[in-house]
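One-letter residues, chain by chain:
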Amino acid sequence: MLATLTLTLALAVPSPVSSETRYDPRIPTLKEVVGHGLGEEITSPDHIGAYLKALAAAAPDRARVVEYARSEEGRPLHVLVLGSPERLARLEEVMKGLRALADPRGLSPADADRLVREMPAVVWLVNGVHGNEISSPDAALALAHHLLAAQGDAGADLVRRETIVLIDPLQNPDGRARFLATNRLGRGASPDPEPASAEHDEGWPGGRSNHYLFDMNRDWFAQTQPETRGRLRLFLDWYPHVAVDLHEMGGDSTYFFAPPAKPLNPHITRAQQEWHESFGRAIASRFDIAGEPYFVREVFDAFYPGYGETWPLTHGTIGMTFEQASARGLVFRREDDTELTFLDGIHNHFRASLATVETAAAGREKLLRDFLEFRRSAVAEGESGAVRQYVLVPGADAARLARLADLLVGQGIELRVAAGKLEAGARTFPAGSIVVPLAQPAGRLVRNLLDPRISMDESFLKEQERRRKKRLPDEIYDVTAWNLPLVFDLECVGTGVLAGETRPFVPVAAGGEPPLAPAKVAWLLPWGSGTTAAAVEAVEAGLKVRVAEAGSKLGGRAFPAGTAIVRVAENPETARETLGRIARRHHVEAVAVDSGYVEEGVSLGSGRVRLLKKPRVLLAWDRPTSSLSAGWARWVLERRYGQAVTAVRVSSLGRVDLARYDVLVLPSGDYNEALGRGAVKRLRDWVEAGGTLVALGEASRWLTREKVSLLATTTELRDGRPETEPSEEKEGAEKPPAKDKDAKPEPFDLEKAIQPERERPDAVPGALLRVVLDPEHWLSAGTDGEVHAIVESRRVFTPLKLDEGTNVGVYAKKDEVVGSGLVWDDARERLAQKAFLMHQPTGEGHVIAFAEDPNHRGYAEATELLFLNAVLLGPAY
Ligand SMILES: [Zn+2]
C-alpha cells in the first residue's frame, strides 16, 4: 500500500499524511492481499477479514485480530487491536488496568494517579454499521495499514506510544454483503455515476440494516441483535475512552463531525462537550488544510441512548458520529454535476479518524483523568439525589423481570436483589425485587434507561413549537422516550433510603431449578411473555396446550384469563419432563393441580378453554412493507418467541393459497397500489372463512380505506374530521356555513386564512403513551389492564362502534395519556381515548389492527405480547 496510499492521498487531495512518511513494505497493502487497491473496489466482508488477518500476521507484536461476534448469516465480526509491543505482550494486565480506571470505587489516589500515568488512551473506531454506507470500512483498513506501516511519521509514532486503537472495520457484514450484491449486479461495463442507475438504487430492503432488517444504530441498549451483544461485551472488556461511529449520508452532502446537534442527552457532561469541541477543531483543521467542506452541530443529535454515539457517552466515553457524503457505489454524480468517488469518502473518513487518534494520543492524560472523573462523579451524583436507587418489583410475569435484569447487566449496570423484604418509608418490596443503585459508575446510563422522563432543552422545545406553527419539520432526529420499565410494563419505584438486606444479582442459569411437581390433572401457567414463549415451544414439542378465556380460582389461588393449561390426560407421559424443561428455560411457573374442580370461574373442562393451534403464519414481505416493521415482526416471532413464519412477497400474495395459513401479518405500509380489488376480495374471503388478519401501523390505516373496508373506522384529520380522500367525499358534504347578510365583513385574518383545508396531524416524535386495555378481551391476556405503547406517527383512529367490534386498547384520557417523551399539547388532546388496538370479528375470522407498531425495535416487551396474543390466540377463538 506504500504506493497506493501515499499516491492516492497525495493526488486526490492534499494529504493528511506528512510527505516525510514512508511505509514499511513488510506490512502488506490491501492490493497485495485482496487484489484491488484502496478505492478501486468496495472491499467485501470476507476480504476485510482476510486483510485484518494479514496485517496481524505481518506484525504479530503490534496487532491482534479478535472475533467478537457472528452475524445472523454466520459472518464473523472482527476487531483489530493495535498497540505497542510492550503493551500487547501484557495485554491482559493492561485491560485489567483499564477496567480498574473505569471503577473509581476503592481506587486509592495513588493508584488512580499511577493508572492515569501508565494506561494508554483507548480509541475505538466502529465502522460500517449501515451496510450501504460503504466508505468507512475501507478507510478503517487504510488507517490500520498507516498505523502499522508508517515510518518517519511523528503522528503515527505518538499514536503508537500513547494509545491502543481498536479498529472494528465492519459492524454489519450482512448488510454490506447485501449492498455489494445489488451494486455489483446493477453495474454494467463501467461504474455509472448516474444516481438513478441500478447500481445506486438498492430496492427493498436495502443494505442499511442487518439480516433481520434492524437498524443497529438504534440497538445499543436494547441488544436484540447478536452483533450488538458482541459489541457491548467488547466495550465492557475495554472501557474505551473515545468511540467513533462512522457513517455515510446523502451524496450531495459533505462531511459531518462533532460537536453533535441539539438536543443533547442531559447526562452528557460539560467535560464531554469540551472534548467534542477539541476533537471537532482538530478534525476541522485537517479538513481546512485539504480544502474539504464540512459541517458541525446542524443535523445529527446525541439524545437517544441507543445510538453508537450516545450509549458510550453515558458510560463516560467520548462518543462521536462522523458522516460522509455517500457515493453509494464507486462514483456518484452530484446535483452540481461534480463527481463524488468512493475514494473521496475513504479519504475523508481516513482524515477524520487519523485526526481523532492523534488528538486522543496528544491529550491522553487529560482524557483518562476526565474519564475517571466522569465515573467518579456518576457515583457521587447517585449518592446525593432524592432517588438513590430504583426498585424493580416482580409482577405476575417473572420472565419479564428476568429479561430486563439480564438486559441491564449486559450493558455494565450493577444490580442487587432483595434477600428478604425491603422497606422504603411506608412502601415494602418483596424478596426477589431487583435493586438498581444510582451510585455506580454506570449511574448515568441507569438514569437514561430508568428515569421516567429525560429532559430536553427548553429553548430547543420552544423552537420546535415555532417551527410547527410554520409547518416546518421538527428537528427531532429520533424518538423522545424509551423508558424500559414502561416498555416492559414493570413497576419501577425510585426510593431514598432503603432498609433490608440485598445481595449482588446473579442471572439465573437455565435448568438449575428443581423439576416440575407431579400433577394428577394439569399444570397451569399464568399467561405472560414467558408463558407465550413456553407455549409456542410446548406446542412445537407436541404437547397439547389450552388457554382459558376467563379467570378462575382453584385450590385457593386465582388464575387470570389467558392461563395456559396442560392436561395430564391428553398429553404423553413425558409431558412433565418436557414441560418442566421448557418452563425453566422461559422462567415461568407451572402450577401442578390435582383436581379440576374450580372454586370460581372457568372450569378446566369448560368450552371456554380453547386448544392452542400451531398457527401457520404468513408475514407479508418486500415492497410496500416498511422493512423495519417487517423485520421486527419476523424477529419477534421467530427469535424472541420461537414462532415459525413464512415470509411471502406482497407481489406474490395474489397467487398464494391463503387457505394454507391461519394468520396473515401485514407489517406497516401502504398497500394501496400493491393490492388491487381482486387481492382485497381474496383477503376478505379468507378472513370470513376463519383467517386472522393482523395489521400494524400504516397497514391498519390502509384497511380503513373505502375500497378496502376491512376495518370499519377511519383515521382523523388535524381538526378531527374523518380522513377520506377528497375524491371520495360525498358531494355537498362540506358546504361552508351560510353567511349572515347584515354582518359586517370581518377584518382579514392572515393567520386564519393560511390554515390548510385538509391536513393530517403532526407526527408524535416517538413517545410512550398509556393504553388502557379491555381486561375481558382475550387480546389483553397476560396484562394488568394497562400498557405503554411507543407512538411514532400521525395516525389517529376513531374507535370502532360497538356493533363493529371491540376497542381492546384505547389511549388514556388527556391528562394521563403521556407516559414519557414529547407529545405536543394538541396531539395529547387528539389522541386521548382514541383506538390503539382494535378487534373486528369478520365472518368466522378476525381483523386485528394496531394503530402503531407493537414490535418497535424488538424491545417493546409489553406491546409485543399483544401482538403475540393476536397471532397465537386469534386462531384459537
Ligand atoms: Zn448511517
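Just above sits the structure.
Below is a summary of the structure that appears in this document. Predicted model, so just to flag it, every value in this text is computed and none were measured.

## Focus on the overall build of the protein chain
A tally of helices and strands in the protein chain yields 26 helices and 39 strands. Expected size for 877 residues packed as a compact globule is a radius of gyration near 29 Å; at 29 Å, the protein chain falls within 12% of this value. For the C-alpha atoms alone, the extent of the protein chain along its principal axes is close to 85 × 75 × 60 Å. Buried positions account for 58% of the 877 residues belonging to the protein chain. Excluding contacts between residues fewer than 6 apart, the proportion of contacts in the protein chain whose partners are at least 24 apart in sequence is 80%. Put simply, the protein chain shows about 34900 Å² of open surface, and 51% of that area lies on carbon and sulfur atoms.

## Some details on the sheet that holds strand 28 (residues 600–601)
Spatially, the three strands line up as an open sheet ordered 25-24-28, and their pairing is antiparallel. Of all the strands in the sheet, the pair left with one neighbour each is strand 25 (557–559) and strand 28. With three bridges connecting them, strand 24 (residues 552–554) and strand 25 associate as antiparallel partners. Note that in strand 25 the partner of serine 552 across the bridge is phenylalanine 559.

## A word on the sheet that holds strand 7 (residues 242–249)
Spatially, eight strands are ordered 2-3-6-4-7-12-8-10 in an open sheet, and the strand pairing comes out mixed. Edge positions in the open sheet fall to strand 2 (63–70) and strand 10 (295–296), since each of these has one partner strand only. Pairing analysis gives seven bridges linking strand 2 to strand 3 (residues 76–82), with the strands arranged antiparallel. When the sheet's bridge partners are listed, valine 66 is paired in strand 3 with valine 79. Packed on one face of the sheet, helix 3 (residues 45–58) meets strand 2 and strand 3 and runs near 30 degrees to strand 3.

## Here's the deal with the pairing of strand 6 (residues 163–168)
Counted residue by residue, strand 6 has six buried out of six residues, so it is predominantly covered. Across the two faces of strand 6 the burial is the same, with Thr163, Val165 and Ile167 and Ile164, Leu166 and Asp168 all buried. Note that strand 3 and strand 6 share three bridges and pair antiparallel. In the sheet register, valine 81 faces strand 6, and the bridge partner there is leucine 166. With six bridges joining them, strand 4 (residues 121–127) and strand 6 adopt parallel strand pairing. Across the sheet, residue valine 122 finds its bridge partner in strand 6, namely isoleucine 164.

## Comments concerning the side chain of histidine 856
On the secondary structure map, histidine 856 appears in the loop between strand 39 (845–850) and helix 26 (861–873). Within the structure, the side chain of histidine 856 is placed 3.5 Å from the side chain of arginine 857, a separation counted as a polar contact. In this structure, histidine 856 is in contact with Val479, Trp632, Ile790 and Glu792, ignoring residues within four places of it in sequence.

## A closer look at the coordination of the zinc ion
Coordination of the zinc ion by the protein comes from His130 (ND1), Glu133 (OE), Glu133 (OE) and His247 (ND1), over a distance range of 2.0 to 2.4 Å. Coordination at the zinc ion is irregular, judged from the four donor atoms that bind it and the angles of 57 to 157 degrees they form at the metal. Within one chain, the residues donating to the zinc ion are spaced in sequence as H-x2-E-x113-H. Taken together, the residues span a long stretch of sequence, with histidine 130 in the loop between strand 4 and helix 7 (135–149) and histidine 247 in strand 7 at a distance of 117 residues.

## Regarding the pattern of salt bridges
Applying the stated rule across the entire model yields 70 salt bridges. For arginine 218, the salt bridge goes to aspartate 215, with nearest N and O atoms at 3.6 Å. Residues arginine 218 and aspartate 215 agree in their burial class; the two are buried. A single salt-bridge network, built from bridges that share partners, covers Glu465, Arg468, Arg471, Arg718, Glu759, Asp762, Asp826 and Arg830.

## Points about helix 9 (residues 173–186)
Along its 14 residues, helix 9 runs 20 Å from first to last C-alpha, staying within 8% of the 20 Å computed at 1.5 Å per residue. Within helix 9 the residues assigned to the buried category are Pro173, Asp174, Gly175, Arg176, Ala177, Phe179, Leu180 and Asn183. In the core, the buried residues of helix 9 are packed alongside helix 3, strand 3, helix 7 and helix 10 (226–238).

## Some thoughts on helix 11 (residues 270–290)
Taking 1.5 Å of rise per residue, the 21 residues of helix 11 would be expected to cover 30 Å, and the 31 Å separating its terminal C-alpha atoms lies within 8% of that figure. Taken as a whole, helix 11 has its buried residues at Gln272, Trp275, His276, Phe279, Gly280, Ile283, Ala284, Arg286, Phe287 and Ala290. Residues of helix 11 that are buried in the fold lie against strand 7, strand 8 (255–257), helix 12 (310–314), strand 12 (318–325), helix 13 (342–362) and helix 14 (364–384). Of the residues one or two after helix 11, glycine 291 is the one with positive phi, at around 70 degrees.

## Considerations on the packing of helix 8 (residues 154–162) against helix 13
At their nearest, the axes of helix 8 and helix 13 sit 9 Å apart, and the two run at 60 degrees to each other. One way to sum up the angle between helix 8 and helix 13 is to call them oblique. In this structure, helix 8 meets helix 13 at a crossing whose hand is left-handed. Contact with helix 8, carried on its side by Gly155, Ala156, Leu158, Val159 and Glu162, involves Val357, Glu358, Ala361 and Ala362 of helix 13 and no other residues of that element. Of the residues assigned to the contact of helix 8 with helix 13, the class counts are six nonpolar, one polar and two charged.

## Overview of the packing of aromatic side chains
Summed over the entire model, instances satisfying the criterion amount to 26 aromatic pairs. Taken together, a centroid distance of 5.3 Å and an interplanar angle of 50 degrees make the contact between phenylalanine 256 and phenylalanine 295 tilted. Taken as a pair, phenylalanine 256 in strand 8 and phenylalanine 295 in strand 10 lie far apart in primary sequence, 39 residues in all. On the numbers, 5.4 Å between centres and 50 degrees between planes, the contact of tyrosine 671 with tryptophan 702 is tilted. Residue tyrosine 671 is found in the loop between strand 32 (663–666) and helix 22 (677–688), and its partner tryptophan 702 is found in helix 23 (residues 698–703); the two are separated by 31 residues along the sequence.

## Description of the packing of helix 11 against helix 13
Direction vectors running N to C along helix 11 and helix 13 enclose 135 degrees, while the axes themselves pass 9 Å from each other. In terms of their interaxial angle, helix 11 and helix 13 are classed as oblique. You can see that helix 11 and helix 13 cross each other, and the crossing is right-handed. Where helix 11 approaches helix 13, its residues Phe279, Ala282, Ile283, Arg286, Phe287 and Ala290 are matched on the opposing element by Asn348, Arg351, Ala352, Leu354, Ala355, Thr356, Glu358, Thr359 and Ala360. Considered class by class, the residues forming the contact of helix 11 with helix 13 number nine nonpolar, three polar and three charged.

## Topic: the nonpolar core
If you look at the biggest cluster of nonpolar residues, it comprises 249 residues, and the most contacted ones within it are Trp238, Val436, Leu484, Trp527, Leu703, Phe850 and Phe867. With residues up to four places along the chain from it excluded, the contact list for phenylalanine 867 reads Ala633, Val636, Leu637, Val665, Val694, Leu696, Phe850, Pro854 and Asn855. Of all hydrophobic cores here, the second largest spans 13 residues; its members include Ala522, Leu554, Val591 and Leu604.

Reading guide: rules and limits
- Residues numbered from 1 in each chain as written.
- Predicted model: local features only at pLDDT ≥ 70, side-chain atom pairs only at ≥ 80, totals over all residues.
- Heavy atoms only, no water.
- Helix = DSSP H or I, 4+ residues; strand = E, 2+ residues; numbered from the N terminus.
- Rg over C-alpha atoms; globule rule 2.2 N^0.38 Å.
- Buried < 20%, exposed > 50% of the residue type's maximum accessible area, 1.4 Å probe, protein only.
- Contact = heavy atoms within 4.5 Å.
- Areas by Shrake-Rupley, 256 points an atom, 1.4 Å probe, with all protein chains shown as cover.
- Pairing = 2+ DSSP bridges.
- Axes fitted to C-alpha atoms, helices over the stretch in contact; angles between N-to-C directions.
- Polar contact = N/O pair within 3.5 Å; in protein donor to acceptor, adjacent residues only side chain to side chain.
- Donors = N, O, S within 2.8 Å, 3.2 Å for Na, K, Ca; no water.
- Tetrahedral: all angles 85-135°; square planar, octahedral: opposite > 155°, others 65-115°.
- Salt bridge = Lys/Arg side-chain N within 4 Å of Asp/Glu carboxyl O.
- Expected span 1.5 Å × (residues − 1).
- Parallel < 35°, antiparallel > 145°, perpendicular 65-115°, else oblique.
- Left-handed = near helix turned anticlockwise from the far one by under 90°.
- Nonpolar A, V, L, I, M, F, W, Y, C, P; charged D, E, K, R; others polar.
- Phe/Tyr/Trp six-rings, centres within 6.5 Å; stacked < 30°, edge-to-face > 60°.
- Core = buried A, V, L, I, M, F, W, Y, C linked by side-chain atoms within 4.5 Å.

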